[in-house]
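Spelled out from the first residue to the last, the chains are:
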Amino acid sequence: MSIDIWLYYVVAVLILTASPGPSSLLCMTKGVTSGVRLAMFTALGSLTAITMILTLSFTGLGVLIASSELAFQVIKWVGAAYLVYLGFIALRSKQQDYELNSEGNSPQSKWSWTHARSNYISGFIVGASNPKAILFFTALFPQFIDPSHSLLSQYLIFSATFIVFEFSWLMLYTYLGARSSRWLFKPGRAKWFNRVTGGVFIGAGGLLSTATR
């Protein structure tokens, strides 16, 4: 693989990972409600799912999934339903205030593997249920793969590049959610934040349900 091809790939991945979507919104929300440590598992869950999609697309299975109307519809509606579910959970939340930790700049969340696992699963479901990711990778990889060179080495380079950019951006959204919204910690702000994020999640679910191949 030439350095020029890799640089073109970097530009494409940068645009893809920097663009806000359901996963980045979820990471930002978890950053506010759970803090950076727990929200990091949301980012890891999403990253795991999208890396699996990347791998399927690289091996050619992504083409089969992308060309299947049934598979596309199932993935689309599962993703839309889960986003709407997250929205209703936020809208029904009775939380009025967020508590600051000892540093005074992030929400107080009790660490537990149960919370970490829950955040990871949420991130994984949102990341895995976006059919547009399958279509993007299916269209992306053929433009950069050189069949005359080792496919394994190309896969490792492409995957490592994507993982670094994707995780960096998701953690940036997580950090912004946890650190840059101090006004949310004033009395009564949690209620309004839950209303706004709930509406956004439901809107994102509705938008995803309109996706077509």
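As the structure is a prediction and not an experimental result, all values here were calculated from the model.

Draft legend 1. Layout of the overall build of the chain. For the chain, the count of helices and strands is nine helices and zero strands. In sequence order, the chain lays out its α and β elements as α-α-α-α-α-α-α-α-α. Across the 213 residues in the chain, those meeting the buried criterion constitute 41%. Within the chain, residue pairs in contact and separated by at least 24 positions form 89% of the contacts whose partners lie at least 6 positions apart. When the accessible surface of the chain is summed, it comes to about 11200 Å², and 68% of that surface belongs to carbon and sulfur atoms.

Draft legend 2. A look at the packing of aromatic side chains. All told, the structure shown has four aromatic pairs when counted by the stated rule. Ring plane angle 80° and centroid distance 6.0 Å describe the contact between Phe-41 and Trp-113, whose orientation is recorded as edge-to-face. Here the residue Phe-41 occupies a position in helix α3 (residues 36-59), and Trp-113 occupies one in helix α6 (residues 113-128), the gap between them amounting to 72 residues. Residue Phe-41 is classed as buried on the basis of its relative accessible area of 15%. Since its relative accessible area comes to 59%, Trp-113 is described here as exposed. Between the aromatic rings of Phe-144 and Phe-158, the centroid separation amounts to 6.3 Å while the plane-to-plane angle is 65°, which identifies the pairing as edge-to-face. On the criterion of sequence distance, the pair formed by Phe-144 in the loop between α7 (131-140) and α8 (151-179) and Phe-158 in helix α8 is long-range, its members being 14 residues apart. Residue Phe-158 is classed as buried on the basis of its relative accessible area of 0%.

Draft legend 3. The arrangement of a nonpolar patch on the surface in detail. Taken together, the side chains of Met-28, Leu-172, Tyr-175 and Leu-176 make up a nonpolar region of the molecular surface, amounting to roughly 330 Å² of accessible area. It is α8 that provides the largest number of residues to the nonpolar patch, a total of three residues. With respect to the element layout, Leu-176 can be found in helix α8. Among the residues examined, Leu-176 registers a relative accessible area of 34% and is labelled partly exposed.

Draft legend 4. Geometry of the environment of Ala-49. Within the secondary structure layout, Ala-49 lies in helix α3. Taking the C-alpha atoms as reference, Ala-49 lies 9.8 Å from Asn-130; in sequence the two are 81 residues apart.

Draft legend 5. Structural view of the nonpolar core. Grouped together as the largest cluster of nonpolar side chains are 16 residues, with contacts concentrated most on Tyr-9, Phe-137, Phe-141 and Phe-162. Taken together, the elements giving at least two residues each to this core come down to α1 (3-18), α3, α7 and α8. With five residues, the top contributor of residues to this core is α3. If sequence neighbours within four positions are ignored, Tyr-9 has contacts with Leu-54, Leu-140, Phe-141, Phe-144, Phe-158, Thr-161 and Phe-162. Counting six residues, the second largest nonpolar core, distinct from the first, contains Tyr-82, Leu-86, Val-126 and Phe-201.

Rules and cut-offs
Residues numbered from 1 in each chain as written. Predicted model: local features only at pLDDT ≥ 70, side-chain atom pairs only at ≥ 80, totals over all residues. Heavy atoms only, no water. Helix = DSSP H or I, 4+ residues; strand = E, 2+ residues; numbered from the N terminus. Buried < 20%, exposed > 50% of the residue type's maximum accessible area, 1.4 Å probe, protein only. Contact = heavy atoms within 4.5 Å. Areas by Shrake-Rupley, 256 points an atom, 1.4 Å probe, with all protein chains shown as cover. Phe/Tyr/Trp six-rings, centres within 6.5 Å; stacked < 30°, edge-to-face > 60°. Patch = residues over 30% accessible without salt bridge, like charges linked within 9 Å, V, L, I, M, F, W, Y side chains within 5 Å. Salt bridge = Lys/Arg side-chain N within 4 Å of Asp/Glu carboxyl O. Core = buried A, V, L, I, M, F, W, Y, C linked by side-chain atoms within 4.5 Å.

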